[in-house]
Amino acid sequence: MKRKLKHVAALVAILALSGAFSEGCTSPGTFTPGALWPDDRGEHINAHGGGILRHEGVYYWFGENKCDTTSNAQVGVMCYSSRNLTDWKYESVALAVSEDPSSEIVRGCIIERPKVIYNARTGKFVMWFHLELKGQGYQAARAAVAVSDTPAGPYEYLYSVRPNKGFYPENMSPEEIAALATLKAPEAYKSWSEEWRDAVRRGLFMKRDFDGGQMSRDMTLFVDDDGKAYHVFASEGNLTLDIAELSDDYLSHTGRYVRVDPAGHNEAPALFKRNGKYWMITSGCTGWAPNRARLLSADHIFGPWTRHDTPMVGPDSDITFGGQSTYVLKVDGKEDAYIFMADRWRPELPSDGRYIWLPIDFNEQGFPVITWRDSWSLSYFD
Ligand code: DGJ
């Protein structure tokens, strides 16, 4: 009887797998961008807007849990682990939503784009994410932080903040700061007019939020070679990106920050460093719909940053192959190996959002170039 059950179970597993594969599914050792990507339980990985932490030879993928009906958080931040980047083991709900209605992360809030970094000084794993308070749409625009002693968690929620309250950006001169006094109130400008754009560039919304802290939505984290960590976020109503230094324990902002591409309207920042140069891939702002990516570069983390056109090439490159950037992963143990990670959102069935992972090439000028591939493996980098 037992043997019979075993056979039935094996048959069910084979059928389930073949069903999944017929829809186009990542097979072992292979990245299949846009396909279903089953974890060790056979379930499509549920870690959207994600990022990767590498710790002691293991990669940890953190991302938003998405359910079938809403993009609001019903579960929390998910964690999966892998040693080879294609086979992922479900680890845990690293940060669970709360059932306490007075909690900032109560079920039904919005939790987006979680990223985790390890702090060697404190031995703690630090998670930052974009938090929107329940029932307030995208108005709260807060950054939130949680901490754990182990990579997969559970993470303890600490607090949320509008960063850099009372600080001017470091890339505004004393003259530019003095000129803020000549700006009118935001309502006095016609949105998207040239005059408004110019005022945004000059700091219209930075000034508005100076006393209460800067808005913080789409985000990533970046740890530089010297161990300093930076929080990169869409601020000023998604019109400007801020790069802000984190404290030595990575748990707060120091007040040192720069405004990047003011009035450039960027979301989805993914920052990486190669041969001493900083690169950032971003998107435009079109909700869940894909758009043309952007590329920015700098010789120093605090800029100046220069904006370039999309690094995507070939068919559908103008819509980033249907995806939106979330992270660039440096592959360990391989020379010059970087993976572009993006989300193909599916707002009508959020849990079915897909992942687009593609290898990054670099042209003669050192610019990143990303081409669609139906499937590929890490041997691409050999
Ligand atoms: C685009 C952002 O990049 C996503 O993280 C999410 O906030 C959606 N907008 C919501 O429309």
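Colleague: So what about the packing of aromatic side chains? Which residues, and what values?
Modeller: Under the defined criterion, the tally for this structure stands at 30 aromatic pairs. With a centroid separation of 5.7 Å and an interplanar angle of 85°, the aromatic rings of Tyr380 and Phe381 are classed as edge-to-face. On the basis of relative accessibility, which here comes to 32%, the residue Tyr380 falls in the partly exposed class. Each member of the aromatic cluster is reached from another via a ring pair, and the members are Phe31, Trp37, Trp61, Tyr80, Trp88, Tyr90, Tyr355, Trp357, Trp376, Tyr380 and Phe381.

Colleague: Tell me about unusual backbone geometry, and name the residues and values.
Modeller: Peptide bonds are trans in most cases, and residues, glycine excluded, mostly fall at negative phi. Here Gly153 and Pro154 are connected by a cis peptide whose omega angle stands at 10°. Of note, the bond from Gly303 into Pro304 is cis; its omega dihedral lies within 30 degrees of zero at 5°. Looking at the secondary structure, you find Pro304 in the loop between β15 (294-298) and β16 (306-308). The phi dihedral of Asp336 is positive, around 55°, even though this residue is not glycine. Its place among the elements puts Asp336 in the loop between β18 (324-330) and β19 (338-344).

Colleague: So what's going on with the sheet that holds strand β20 (residues 354-359)? Residues and values would help.
Modeller: Pairing within the open sheet is antiparallel, and its three strands lie in the order β18-β19-β20. The sheet is open, and its two edges are formed by β18 and β20, each paired on a single side. Each neighbouring strand pair of the sheet contributes to a mean axis angle of 25°, computed without reference to strand direction. Taken together, the six bridges between β19 and β20 define a ladder with antiparallel strand orientation. Counterpart to Met341 in the pairing with β20 is Trp357.

Colleague: Could you give me a rundown of the sheet that holds strand β3 (residues 76-82), with the residues and numbers involved?
Modeller: Within a sheet, adjacent strands bond to each other through the backbone by hydrogen bonds, running parallel or antiparallel. Strand order in this open sheet of four strands is β1-β2-β3-β4, and the pairing throughout is antiparallel. Of all the strands in the sheet, the pair left with one neighbour each is β1 (48-55) and β4 (89-96). Mean inter-strand twist for the sheet, computed between neighbouring axes without regard to direction, equals 25°. Strand direction decides the pairing type here: strand β2 (residues 58-64) and β3, joined by six bridges, are antiparallel. Across the sheet, residue Tyr60 finds its bridge partner in β3, namely Ser81.

Colleague: Go over the nonpolar core with me, naming the residues and quoting the values.
Modeller: In this structure, Trp61, Leu85, Trp88, Ile339 and Trp357 are the most contacted members of the largest nonpolar core, which totals 39 residues. The set of elements that each furnish at least two residues to this core consists of β2, β3, β13 (267-274), β14 (277-283), β18, β19 and β20. The element that contributes the greatest number of residues to this core is β19, accounting for five residues. What Trp357 contacts, discounting residues up to four positions off in sequence, is Phe31, Pro33, Trp37, Ile52, Trp61, Leu85, Trp88, Leu329, Ile339, Phe340, Met341 and Trp376. Residues Trp128, Met206, Leu239 and Leu246 belong to the second largest nonpolar core, which totals 27 residues.

Colleague: Residues and numbers for the pairing of strand β9 (residues 219-223), please.
Modeller: For β9, a buried count of four out of five residues is recorded, marking the element as mostly surrounded by other parts of the structure. Count of turn residues in the β9/strand β10 (residues 229-235) antiparallel hairpin: five residues, of which Gly227 carries a positive phi of about 85°.

Colleague: With reference to specific residues and values, describe helix α3 (residues 194-202).
Modeller: Restricting attention to buried positions, one finds in α3 the residues Trp196, Ala199 and Val200. All buried residues of α3 fall inside an arc of 100° around its axis, so they share one side. Looking one or two residues beyond α3, the residue adopting positive phi is Gly203, at roughly 115°.

Colleague: Mind laying out the site of the ligand, listing which residues take part and the relevant values?
Modeller: Around the ligand, the neighbouring residues are Glu112, Arg113, Tyr138, Asp218, Glu267, Gly287, Trp288 and Gln324. Contact distances for the ligand include 2.8 Å between an oxygen atom and a side-chain N or O atom of Arg113. For the ligand, whose accessible area on its own is 300 Å², the fraction buried by protein is 90%. A class-by-class count of the residues in the shell around the ligand yields two nonpolar, two polar and four charged.

Colleague: Account for the pairing of β13, naming residues and giving values.
Modeller: Across the eight residues that make up β13, a large majority, seven, are buried. The pairing of β13 with β14 spans six bridges and is classified as antiparallel. Bridge pairing in β14 links Glu267 to Ser283.

Colleague: Tell me about the pattern of salt bridges, residues and numbers included.
Modeller: Per the stated rule, a full pass over the model turns up 29 salt bridges. In this structure, the salt-bridge partner of Arg113 is Asp218, at a minimum N-O distance of 3.3 Å. One end of the pair, Arg113, is in strand β5 (residues 110-119); the other, Asp218, is in the loop between α4 (204-208) and β9, with 105 residues separating them in the sequence. Per residue, the accessibility class of Arg113 equals that of Asp218, and both read buried. Here Arg256 makes a salt bridge to Glu170, at a shortest N to O gap of 2.8 Å.

Colleague: Account for the side chain of Ser98, with residues named and values stated.
Modeller: With respect to the secondary-structure elements, Ser98 resides in the loop between β4 and β5. Judged by its relative accessible area of 18%, Ser98 is buried. A polar side-chain atom of Ser98 sits 2.9 Å from the main-chain amide nitrogen of Asp100. Excluding anything up to four places from it in sequence, Ser98 contacts Ser103, Ile105, Val106 and Arg107.

Reading the values: rules and limits
- What you see as residue numbers is a count from 1 along each chain, following the sequence as written.
- Thresholds applied to this predicted model are a pLDDT of at least 70 for local features of residues and 80 or more for the giving and counting of side-chain atom pairs; totals over whole chains, interfaces and linings are not thresholded and use all residues.
- Excluded from the side-chain calculation are hydrogens and water; included are all heavy atoms of the structure.
- Stacked, tilted and edge-to-face are the three classes assigned to paired rings of Phe, Tyr and Trp, where Trp is represented by its six-membered ring and a pair needs centres within 6.5 Å; plane angles under 30 degrees give stacked, over 60 edge-to-face, the rest tilted.
- Throughout, exposure labels follow a simple rule: accessible area from a 1.4 Å probe, protein chains only, divided by the maximum for the residue type, with under 20% read as buried, over 50% as exposed, and the rest as partly exposed.
- Strands here mean DSSP runs of E at least two residues long; helices mean DSSP runs of H or I at least four residues long; both are numbered from the N terminus.
- Two strands are counted as paired when DSSP detects at least two bridges linking them.
- Inter-axis angles, ranging from 0 to 180 degrees, are taken between N-to-C directions of lines fitted to C-alpha atoms, where helices are fitted over the stretch in contact.
- The nonpolar core is taken to be a set of buried Ala, Val, Leu, Ile, Met, Phe, Trp, Tyr and Cys residues, with the residues joined through side-chain atoms within 4.5 Å.
- We call two residues in contact whenever any of their non-hydrogen atoms come within 4.5 Å of each other.
- Along the arc lie the directions from the helix axis toward the C-beta atoms.
- Any residue with at least one heavy atom within 4 Å of a molecule or strand is counted as near it.
- Whenever two N or O atoms come within 3.5 Å, that pair is a polar contact, provided that in protein one can donate a hydrogen and the other can accept it, and provided that, for residues adjacent in sequence, both atoms are side-chain atoms.
- Areas reported as accessible are Shrake-Rupley estimates using a 1.4 Å probe. Residue values count occlusion only from the protein chains shown.
- Only Asp, Glu, Lys and Arg are considered charged, only Ala, Val, Leu, Ile, Met, Phe, Trp, Tyr, Cys and Pro nonpolar, and every remaining residue, Gly among them, polar.
- A carboxyl oxygen of Asp or Glu within 4 Å of a side-chain nitrogen of Lys or Arg is what we treat as a salt bridge.

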